[in-house]
Amino acid sequence: MDDRLLDVAGAARFFLDSCHNPDPPIDPVELAAMWDLEVVHAPGPAATIGGFITHDPDREPWQQRFDIAHELGHLAAHHVGLPSTCPTASEIAGAILVPEQDFKRQLSRTAWDLAQLVGRYEVSWEVLARRLPRTVACVATIIDNGDIWYRERSRWVTNQGGPHPKRLEPWEKELVTEAAGSERHVYADNLVTAYSVPSPGYDRVVLVAGVEEWEARTYRAMAAE
Ligand SMILES: [Zn+2]
């Protein structure tokens, strides 16, 4: 097999290596400069044109960081031989802004306190939630106004109970209702946490559970039905 064929994590590692593995918070403008790309302001969606990355300065600072990192994601995908699609570029962008090894260390240091880590990496909750199941064995779910917006479970862990439901389990609903709109996070215990995320105009909750704990709660409830 062509050794340039790497996965998303490999593409991000390659890119960070090429930039001498900077410490978080990662500055995508600095990384672009190391690849001789100048970052300039322009309205509309970010793009890479010749030696320039353009991005919209009217977006929120964390969005601008992600927009630039997304363009770097395209570049990294191209260099390691991955299809340079936008979803792949976004995934690589997340792995550039939240580097795997550092993320693992910080998760154990903070006992999975995502609120602290959002600040450390200067990314959105969504970026962090999407990084989680790719980094540690967990089920991460983003719930907006009570509906699942995103749900992913670590793919390397064997699934005990068949297909993964895309609906909220009763025990999840309870936690989400408790967390939504509250200022504090709801700690059910240290293996399941619901985070209430400040969002304009809607209730967003990020629910994170260890895979085994998630399955134990879900399938125990199903068996009792
Ligand atoms: Zn794109």
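Predicted model, so just to flag it, every value in this text is computed and none were measured. Note that residues are indexed from 1 along each chain, following the sequence as it is written. Per-residue local features are limited, in this predicted model, to residues with pLDDT of at least 70; the limit for side-chain atom pairs, both in listing and counting, is 80 or more; totals at the level of whole chains, interfaces and linings are taken over all residues.

### Some thoughts on the domain arrangement of the chain
Taken as a whole, the chain is organised into domain 1 (8–97) and domain 2 (101–224). Each of domain 1 and domain 2 has a C-alpha centre, and these two points are 26 Å apart. Our contact criterion uses C-beta atoms placed from the backbone: two residues qualify when those atoms are within 7 Å. Across the contact, eight residues belong to domain 1 and nine residues belong to domain 2. Under the scheme used here, helices are H or I runs from DSSP no shorter than 4 residues and strands are E runs no shorter than 2 residues, and both carry numbers assigned from the N terminus. Looking at the side of domain 1 that touches domain 2, the elements that each hand over two or more residues are helix 3 (61–80) and helix 4 (86–97). Of the residues contributing to the side of domain 1 that touches domain 2, the split by class is six nonpolar, one polar and one charged. For the domains described, the bounds stem from an automatic or database domain assignment. For this classification, the nonpolar set comprises Ala, Val, Leu, Ile, Met, Phe, Trp, Tyr, Cys and Pro, the charged set comprises Asp, Glu, Lys and Arg, and every other residue, Gly included, is treated as polar.

### Topic: the packing of helix 4 against helix 7 (residues 125–135)
An axis is simply a line fitted to the C-alpha atoms; with a helix, the fit covers only the stretch in contact. Between two such axes, the angle follows the N-to-C directions and lies from 0 to 180 degrees. It is the contact of helix 4 with helix 7, at a shortest axis distance of 10 Å, that shows an interaxial angle of 90 degrees. Here helix 4 is positioned roughly perpendicular relative to helix 7, judged by the angle of their axes. Only Val-127, Arg-130 and Arg-131 of helix 7 make contact with helix 4, whose side of the interface consists of Gly-94, Ala-95 and Leu-97. A per-class count over the contact of helix 4 with helix 7 returns three nonpolar, one polar and two charged. These descriptions rest on fixed angle ranges, namely under 35 degrees for roughly parallel, over 145 for roughly antiparallel, 65 to 115 for roughly perpendicular, and the rest for oblique.

### Some remarks on the packing of helix 1 (residues 8–18) against helix 4
The description of two packed helices rests on the angle between their axes and on the distance between the axes. Helix 4 packs onto helix 1 with a crossing angle of 55 degrees between their chain directions and a minimal axis gap of 9 Å. It follows from the interaxial angle that helix 1 and helix 4 lie oblique. In this structure, helix 1 meets helix 4 at a crossing whose hand is right-handed. The residues of helix 4 that touch helix 1, namely those facing Val-8, Ala-9, Ala-11, Ala-12, Phe-15 and Leu-16, are Thr-88, Glu-91, Ile-92, Ala-95 and Ile-96. Residue composition of the contact of helix 1 with helix 4, grouped by class: nine nonpolar, one polar and one charged. In this scheme, a crossing is called left-handed if the near helix is turned counterclockwise away from the far one by less than a right angle; it is called right-handed if the turn is clockwise.

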